[in-house]
Amino acid sequence: MSEIVIFAPSPVLTVTVEDHPDGPDVHFHAGGQGVWQARMIRRIGADVTLCSVLSGESGRMLRHLLDDEGINVVAVEREARGGAYVHDRRGGERVKIVETGGAPISRHDLDELYGVTLREGIRADLVVLSGPAGEDTLPADVYRRLAADIRTAERPVIVDLAGDRLTAALAGGVTVAKVSDEELLADGRVRENSTDQVIAAMRRLKAEGAATVIVTRADKPFLVLTDEALSEVTPPKMEIADTSGAGDSLTAGVAATLASGGTIEEAVMVGAAAGALNVTRHGLGTGDSEAIDAMRDLVTTRTLGDEVDDAVSLSPDQLAGQVQESSDGEP
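As recorded in an unreviewed UniProt entry, the protein goes by the name PfkB family carbohydrate kinase, listed as coming from Leifsonella bigeumensis. As recorded by UniProt, the Sequence similarities (unreviewed entry) comment attached to the protein reads in full: "Belongs to the carbohydrate kinase PfkB family."

Here it is as C-alpha coordinates:
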(Lines give C-alpha, C1' and ligand atoms only; values in the text may rest on other atoms or scores of the structure.)
Protein backbone atom coordinates (compact mmCIF):
# COMPACT_ATOMS: atom_id res chain seq x y z
CA MET A 1 0.00 0.00 0.00
CA SER A 2 1.29 3.46 -0.91
CA GLU A 3 2.22 5.94 1.81
CA ILE A 4 1.29 9.62 1.65
CA VAL A 5 2.44 12.34 4.03
CA ILE A 6 0.36 15.48 4.48
CA PHE A 7 1.83 18.66 5.90
CA ALA A 8 -1.19 19.89 7.87
CA PRO A 9 0.28 22.53 10.20
CA SER A 10 -2.88 23.38 12.16
CA PRO A 11 -5.83 20.95 12.06
CA VAL A 12 -9.02 22.21 13.67
CA LEU A 13 -11.55 20.79 16.08
CA THR A 14 -14.97 21.02 14.44
CA VAL A 15 -18.24 21.23 16.35
CA THR A 16 -21.41 20.91 14.26
CA VAL A 17 -24.96 21.22 15.57
CA GLU A 18 -27.65 19.35 13.64
CA ASP A 19 -31.35 18.70 14.03
CA HIS A 20 -32.57 15.49 15.63
CA PRO A 21 -36.10 14.41 16.54
CA ASP A 22 -35.11 14.45 20.22
CA GLY A 23 -33.44 17.86 20.06
CA PRO A 24 -30.16 19.38 18.86
CA ASP A 25 -27.43 16.83 18.07
CA VAL A 26 -23.81 17.95 18.55
CA HIS A 27 -20.98 16.30 16.57
CA PHE A 28 -17.23 16.57 17.22
CA HIS A 29 -14.74 15.81 14.44
CA ALA A 30 -11.20 16.52 13.34
CA GLY A 31 -11.18 18.99 10.47
CA GLY A 32 -9.16 21.36 8.35
CA GLN A 33 -7.87 21.01 4.81
CA GLY A 34 -5.19 18.40 5.52
CA VAL A 35 -7.55 16.28 7.62
CA TRP A 36 -10.24 16.27 4.93
CA GLN A 37 -7.64 15.25 2.36
CA ALA A 38 -6.32 12.50 4.65
CA ARG A 39 -9.81 11.15 5.28
CA MET A 40 -10.52 10.75 1.54
CA ILE A 41 -7.05 9.33 0.82
CA ARG A 42 -7.69 6.59 3.36
CA ARG A 43 -11.07 5.84 1.79
CA ILE A 44 -9.41 5.45 -1.61
CA GLY A 45 -6.90 3.00 -0.18
CA ALA A 46 -3.57 4.59 0.81
CA ASP A 47 -1.90 4.96 4.18
CA VAL A 48 -1.57 8.54 5.33
CA THR A 49 0.45 10.39 7.95
CA LEU A 50 -0.35 13.91 9.12
CA CYS A 51 2.51 16.15 10.23
CA SER A 52 0.90 18.78 12.45
CA VAL A 53 1.06 21.01 15.48
CA LEU A 54 -1.56 20.03 18.08
CA SER A 55 -2.34 22.87 20.47
CA GLY A 56 -3.91 22.87 23.91
CA GLU A 57 -7.26 21.30 24.75
CA SER A 58 -8.44 21.14 21.14
CA GLY A 59 -5.16 19.44 20.18
CA ARG A 60 -5.64 16.73 22.78
CA MET A 61 -9.15 16.07 21.49
CA LEU A 62 -7.89 16.03 17.92
CA ARG A 63 -5.30 13.38 18.78
CA HIS A 64 -8.04 11.00 19.97
CA LEU A 65 -10.37 11.76 17.07
CA LEU A 66 -7.65 11.20 14.46
CA ASP A 67 -6.52 7.98 16.15
CA ASP A 68 -10.13 6.74 16.04
CA GLU A 69 -10.16 7.30 12.27
CA GLY A 70 -6.94 5.37 11.77
CA ILE A 71 -5.01 8.45 10.61
CA ASN A 72 -1.41 8.37 11.77
CA VAL A 73 -0.30 11.65 13.34
CA VAL A 74 3.27 12.83 13.88
CA ALA A 75 2.70 15.92 15.97
CA VAL A 76 4.45 18.73 17.74
CA GLU A 77 2.40 19.27 20.91
CA ARG A 78 2.22 22.64 22.65
CA GLU A 79 0.14 24.54 25.16
CA ALA A 80 -1.50 27.27 23.11
CA ARG A 81 -4.85 28.23 21.63
CA GLY A 82 -5.78 25.69 18.96
CA GLY A 83 -7.87 26.06 15.84
CA ALA A 84 -11.59 25.27 16.08
CA TYR A 85 -14.99 26.15 14.67
CA VAL A 86 -18.64 25.79 15.64
CA HIS A 87 -21.19 25.48 12.82
CA ASP A 88 -24.98 25.31 13.12
CA ARG A 89 -26.55 23.17 10.41
CA ARG A 90 -30.02 22.81 11.91
CA GLY A 91 -31.54 24.89 9.11
CA GLY A 92 -29.99 22.73 6.38
CA GLU A 93 -27.17 25.15 5.52
CA ARG A 94 -23.92 25.70 7.42
CA VAL A 95 -24.08 28.81 9.61
CA LYS A 96 -20.76 29.87 11.13
CA ILE A 97 -21.06 30.60 14.84
CA VAL A 98 -17.37 30.73 15.86
CA GLU A 99 -14.15 30.17 13.90
CA THR A 100 -10.57 30.56 15.10
CA GLY A 101 -7.31 29.59 13.45
CA GLY A 102 -5.49 29.33 16.77
CA ALA A 103 -2.23 30.91 17.85
CA PRO A 104 0.68 31.34 15.39
CA ILE A 105 3.31 28.58 15.48
CA SER A 106 6.47 29.67 17.27
CA ARG A 107 9.89 29.46 15.60
CA HIS A 108 10.97 26.59 17.85
CA ASP A 109 7.82 24.54 17.19
CA LEU A 110 8.00 25.32 13.48
CA ASP A 111 11.59 24.07 13.29
CA GLU A 112 10.48 20.82 14.94
CA LEU A 113 7.49 20.48 12.61
CA TYR A 114 9.69 21.12 9.59
CA GLY A 115 12.10 18.41 10.69
CA VAL A 116 9.48 15.71 11.23
CA THR A 117 7.81 16.59 7.91
CA LEU A 118 11.11 16.15 6.07
CA ARG A 119 11.80 12.86 7.85
CA GLU A 120 8.38 11.41 7.09
CA GLY A 121 8.18 12.91 3.61
CA ILE A 122 11.47 11.44 2.45
CA ARG A 123 10.20 7.99 3.46
CA ALA A 124 6.83 8.40 1.72
CA ASP A 125 5.67 7.86 -1.86
CA LEU A 126 4.20 11.37 -2.14
CA VAL A 127 3.78 14.52 -0.05
CA VAL A 128 0.81 16.91 0.04
CA LEU A 129 1.36 20.43 1.35
CA SER A 130 -1.93 21.79 2.72
CA GLY A 131 -2.77 25.17 4.18
CA PRO A 132 -3.10 26.23 7.82
CA ALA A 133 -6.31 27.18 9.58
CA GLY A 134 -5.27 30.82 10.13
CA GLU A 135 -3.64 33.35 7.85
CA ASP A 136 -0.87 34.16 10.36
CA THR A 137 -0.18 30.61 11.53
CA LEU A 138 3.23 30.28 9.82
CA PRO A 139 5.36 32.13 7.24
CA ALA A 140 4.56 31.43 3.59
CA ASP A 141 8.24 30.75 2.80
CA VAL A 142 7.99 27.45 4.72
CA TYR A 143 6.15 26.07 1.69
CA ARG A 144 8.96 27.02 -0.68
CA ARG A 145 11.55 25.37 1.52
CA LEU A 146 9.52 22.20 2.04
CA ALA A 147 8.72 21.82 -1.66
CA ALA A 148 12.37 22.26 -2.63
CA ASP A 149 13.76 19.97 0.09
CA ILE A 150 11.27 17.15 -0.50
CA ARG A 151 11.79 17.26 -4.25
CA THR A 152 15.55 17.01 -3.60
CA ALA A 153 14.69 13.52 -2.32
CA GLU A 154 12.82 12.94 -5.62
CA ARG A 155 9.42 12.68 -3.97
CA PRO A 156 6.36 14.09 -5.78
CA VAL A 157 4.83 17.15 -4.13
CA ILE A 158 1.20 18.24 -4.51
CA VAL A 159 -0.01 21.62 -3.26
CA ASP A 160 -3.57 22.82 -2.75
CA LEU A 161 -2.83 26.42 -1.82
CA ALA A 162 -3.50 30.03 -2.73
CA GLY A 163 -2.01 33.48 -2.22
CA ASP A 164 1.52 33.88 -0.92
CA ARG A 165 1.69 30.21 0.09
CA LEU A 166 1.03 29.08 -3.49
CA THR A 167 3.61 31.52 -4.87
CA ALA A 168 6.19 30.31 -2.35
CA ALA A 169 5.56 26.61 -3.07
CA LEU A 170 5.88 27.18 -6.82
CA ALA A 171 9.27 28.78 -6.26
CA GLY A 172 10.36 25.51 -4.64
CA GLY A 173 8.96 23.43 -7.50
CA VAL A 174 5.91 21.15 -7.31
CA THR A 175 4.54 18.16 -9.17
CA VAL A 176 0.90 19.32 -9.12
CA ALA A 177 -0.57 22.68 -8.14
CA LYS A 178 -4.33 22.76 -7.58
CA VAL A 179 -6.18 26.06 -7.15
CA SER A 180 -9.68 27.42 -7.82
CA ASP A 181 -10.57 30.19 -10.24
CA GLU A 182 -12.02 32.17 -7.32
CA GLU A 183 -8.64 31.97 -5.58
CA LEU A 184 -6.91 33.13 -8.78
CA LEU A 185 -9.28 36.10 -8.85
CA ALA A 186 -8.73 36.93 -5.19
CA ASP A 187 -4.96 36.73 -5.69
CA GLY A 188 -5.05 39.10 -8.67
CA ARG A 189 -3.79 36.41 -11.05
CA VAL A 190 -6.85 36.95 -13.27
CA ARG A 191 -9.03 40.01 -13.85
CA GLU A 192 -12.14 37.88 -14.42
CA ASN A 193 -13.01 34.18 -14.37
CA SER A 194 -13.13 33.78 -18.14
CA THR A 195 -11.65 30.67 -19.72
CA ASP A 196 -9.00 32.68 -21.56
CA GLN A 197 -7.91 34.47 -18.39
CA VAL A 198 -7.75 31.22 -16.42
CA ILE A 199 -5.70 29.47 -19.12
CA ALA A 200 -3.26 32.40 -19.21
CA ALA A 201 -2.90 32.17 -15.41
CA MET A 202 -2.30 28.43 -15.69
CA ARG A 203 0.55 29.06 -18.13
CA ARG A 204 2.12 31.42 -15.63
CA LEU A 205 1.70 28.97 -12.74
CA LYS A 206 3.43 26.34 -14.81
CA ALA A 207 6.25 28.71 -15.67
CA GLU A 208 6.66 29.52 -11.97
CA GLY A 209 7.32 25.91 -11.03
CA ALA A 210 4.36 23.51 -11.38
CA ALA A 211 4.71 20.48 -13.64
CA THR A 212 0.90 20.13 -13.77
CA VAL A 213 -1.73 22.75 -12.96
CA ILE A 214 -5.35 22.00 -12.03
CA VAL A 215 -7.91 24.82 -11.78
CA THR A 216 -11.39 24.09 -10.46
CA ARG A 217 -14.27 26.35 -11.51
CA ALA A 218 -17.24 25.72 -9.17
CA ASP A 219 -19.98 24.06 -11.24
CA LYS A 220 -18.05 24.35 -14.52
CA PRO A 221 -15.66 21.66 -15.85
CA PHE A 222 -12.19 22.07 -14.37
CA LEU A 223 -9.02 22.56 -16.40
CA VAL A 224 -5.76 20.59 -16.36
CA LEU A 225 -2.51 21.77 -17.95
CA THR A 226 0.40 19.34 -18.37
CA ASP A 227 3.47 19.34 -20.60
CA GLU A 228 1.48 17.45 -23.23
CA ALA A 229 -2.00 18.91 -23.22
CA LEU A 230 -4.59 21.32 -21.91
CA SER A 231 -7.73 19.40 -20.96
CA GLU A 232 -11.23 20.10 -19.73
CA VAL A 233 -12.57 17.59 -17.21
CA THR A 234 -16.29 17.25 -16.49
CA PRO A 235 -17.32 15.33 -13.35
CA PRO A 236 -20.80 13.81 -13.21
CA LYS A 237 -23.56 16.21 -12.10
CA MET A 238 -24.85 15.07 -8.72
CA GLU A 239 -27.55 16.30 -6.36
CA ILE A 240 -25.68 18.51 -3.89
CA ALA A 241 -25.91 17.98 -0.15
CA ASP A 242 -22.84 20.07 0.76
CA THR A 243 -20.08 21.41 -1.50
CA SER A 244 -17.62 21.89 1.38
CA GLY A 245 -14.54 19.70 1.00
CA ALA A 246 -15.11 18.79 -2.66
CA GLY A 247 -11.84 20.41 -3.76
CA ASP A 248 -9.92 18.63 -1.01
CA SER A 249 -11.45 15.31 -2.12
CA LEU A 250 -10.30 16.05 -5.67
CA THR A 251 -6.77 16.68 -4.40
CA ALA A 252 -6.92 13.46 -2.37
CA GLY A 253 -7.92 11.42 -5.41
CA VAL A 254 -5.06 12.85 -7.45
CA ALA A 255 -2.58 12.22 -4.63
CA ALA A 256 -3.68 8.63 -3.95
CA THR A 257 -3.52 7.70 -7.63
CA LEU A 258 -0.10 9.26 -8.30
CA ALA A 259 1.32 7.70 -5.12
CA SER A 260 0.26 4.26 -6.31
CA GLY A 261 2.00 4.73 -9.67
CA GLY A 262 -0.90 6.01 -11.77
CA THR A 263 -0.59 8.57 -14.53
CA ILE A 264 -1.71 12.17 -14.16
CA GLU A 265 -4.58 11.40 -16.55
CA GLU A 266 -5.75 8.54 -14.31
CA ALA A 267 -5.24 10.68 -11.22
CA VAL A 268 -7.41 13.49 -12.56
CA MET A 269 -10.24 11.04 -13.32
CA VAL A 270 -10.16 9.60 -9.80
CA GLY A 271 -9.95 13.09 -8.31
CA ALA A 272 -12.98 14.23 -10.31
CA ALA A 273 -14.98 11.21 -9.12
CA ALA A 274 -13.94 11.71 -5.48
CA GLY A 275 -14.91 15.38 -5.59
CA ALA A 276 -18.28 14.58 -7.18
CA LEU A 277 -19.03 11.95 -4.55
CA ASN A 278 -18.13 14.32 -1.71
CA VAL A 279 -20.86 16.84 -2.65
CA THR A 280 -23.54 14.14 -2.19
CA ARG A 281 -22.61 13.82 1.51
CA HIS A 282 -22.63 16.06 4.56
CA GLY A 283 -19.36 14.59 5.89
CA LEU A 284 -16.27 16.36 4.55
CA GLY A 285 -13.75 14.10 2.81
CA THR A 286 -16.03 11.06 3.10
CA GLY A 287 -17.11 8.38 0.66
CA ASP A 288 -16.05 4.88 -0.33
CA SER A 289 -13.66 3.54 -2.93
CA GLU A 290 -16.25 1.40 -4.75
CA ALA A 291 -18.51 4.40 -5.29
CA ILE A 292 -15.55 6.44 -6.54
CA ASP A 293 -14.60 3.65 -8.96
CA ALA A 294 -18.16 3.56 -10.29
CA MET A 295 -18.36 7.32 -10.67
CA ARG A 296 -15.01 7.44 -12.42
CA ASP A 297 -16.71 5.93 -15.48
CA LEU A 298 -19.01 8.98 -15.57
CA VAL A 299 -16.16 11.50 -15.77
CA THR A 300 -15.50 12.88 -19.25
CA THR A 301 -12.42 14.66 -20.57
CA ARG A 302 -11.60 16.48 -23.77
CA THR A 303 -8.43 18.06 -25.04
CA LEU A 304 -8.86 21.72 -25.87
CA GLY A 305 -7.85 22.34 -29.46
CA ASP A 306 -6.14 25.55 -30.48
CA GLU A 307 -5.46 26.53 -26.87
CA VAL A 308 -2.99 23.66 -26.46
CA ASP A 309 -0.29 25.19 -28.63
CA ASP A 310 -0.66 28.54 -26.87
CA ALA A 311 -0.54 26.94 -23.45
CA VAL A 312 2.34 24.50 -23.76
CA SER A 313 4.47 25.64 -26.70
CA LEU A 314 5.83 28.94 -25.44
CA SER A 315 9.51 29.78 -25.49
CA PRO A 316 11.40 30.22 -22.21
CA ASP A 317 11.59 33.99 -22.87
CA GLN A 318 7.82 34.18 -23.43
CA LEU A 319 7.14 32.23 -20.24
CA ALA A 320 9.52 34.42 -18.26
CA GLY A 321 7.78 37.49 -19.66
CA GLN A 322 4.40 36.19 -18.53
CA VAL A 323 5.71 35.55 -15.03
CA GLN A 324 7.08 39.11 -14.94
CA GLU A 325 3.72 40.48 -16.13
CA SER A 326 1.99 38.57 -13.34
CA SER A 327 4.34 39.91 -10.68
CA ASP A 328 3.73 43.43 -12.01
CA GLY A 329 -0.02 43.01 -11.52
CA GLU A 330 -0.94 42.16 -15.13
CA PRO A 331 -2.84 38.84 -15.02
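### Some remarks on the sheet that holds strand S1 (residues 3-7)
Strands in a sheet are paired, the pairing made by backbone hydrogen bonds, and the direction either parallel or antiparallel. On the basis of which strands lie adjacent, the open sheet formed by 10 strands has the order S5-S4-S1-S8-S9-S10-S11-S12-S13-S14 and mixed pairing. Each of the sheet's edge strands pairs with one partner strand only, and the pair in question is strand S5 (72-78) and strand S14 (300-303). On average, each strand axis in the sheet is inclined to that of its neighbour by 20°, with strand direction left out of account. The pairing of S1 with strand S8 (residues 126-129) spans 4 bridges and is parallel. The residue of S8 that forms the bridge with Ile4 is Leu126. Together, S1, S8, strand S9 (157-160) and strand S10 (174-180) form the strand contacts of helix H4 (residues 141-152), whose direction differs from that of S8 by roughly 175°.

### Digging into the pairing of S5
As defined by bridge partners, strand S4 (residues 47-55) adjoins S5 across 7 bridges and the pair is classed as parallel. Within the sheet, the bridge partner assigned to Thr49 lies in S5 and is Asn72. Between the parallel elements S4 and S5, the chain passes through helix H2 (residues 56-68) in a crossover that is right-handed.

### Quick look at the packing of aromatic side chains
Any aromatic ring pair is given by two values, namely how distant the centres are and how the planes are angled relative to each other. Tallied over the full model, the rule gives 1 aromatic pair. Pairing Phe7 with Tyr143 gives two aromatic rings, centres 5.6 Å apart and planes at 80°, and the pair type is edge-to-face. With Phe7 in strand S1 and Tyr143 in helix H4, this pair connects stretches of sequence that are 136 residues apart. Tyr143 carries the same exposure label as Phe7, and that label is buried. In this structure, Arg145 is placed above the aromatic ring of Tyr114, and the distance from its NZ or CZ to the ring centre is 4.1 Å.

### Some remarks on the nonpolar core
Ile4 and Ile6 are the most contacted members of the largest nonpolar core, which totals 46 residues. Element by element, the count of residues in this core is highest for helix H9 (residues 264-278), at 10 residues. Each residue touching Ile4, except ones within four places of it in the same chain, is listed here: Ile41, Ala46, Asp47, Val48, Thr49, Leu126, Val128, Ala255, Ala256 and Ala259.

Parameters at a glance
- Residues numbered from 1 in each chain as written.
- Predicted model: local features only at pLDDT ≥ 70, side-chain atom pairs only at ≥ 80, totals over all residues.
- Heavy atoms only, no water.
- UniProt positions renumbered as here; feature names shortened; annotations may be inferred.
- Pairing = 2+ DSSP bridges.
- Helix = DSSP H or I, 4+ residues; strand = E, 2+ residues; numbered from the N terminus.
- Axes fitted to C-alpha atoms, helices over the stretch in contact; angles between N-to-C directions.
- Contact = heavy atoms within 4.5 Å.
- Right-handed = clockwise from strand over helix to strand, strands pointing away.
- Phe/Tyr/Trp six-rings, centres within 6.5 Å; stacked < 30°, edge-to-face > 60°.
- Buried < 20%, exposed > 50% of the residue type's maximum accessible area, 1.4 Å probe, protein only.
- Lys NZ or Arg CZ within 6 Å of the ring centre and 35° of its normal.
- Core = buried A, V, L, I, M, F, W, Y, C linked by side-chain atoms within 4.5 Å.

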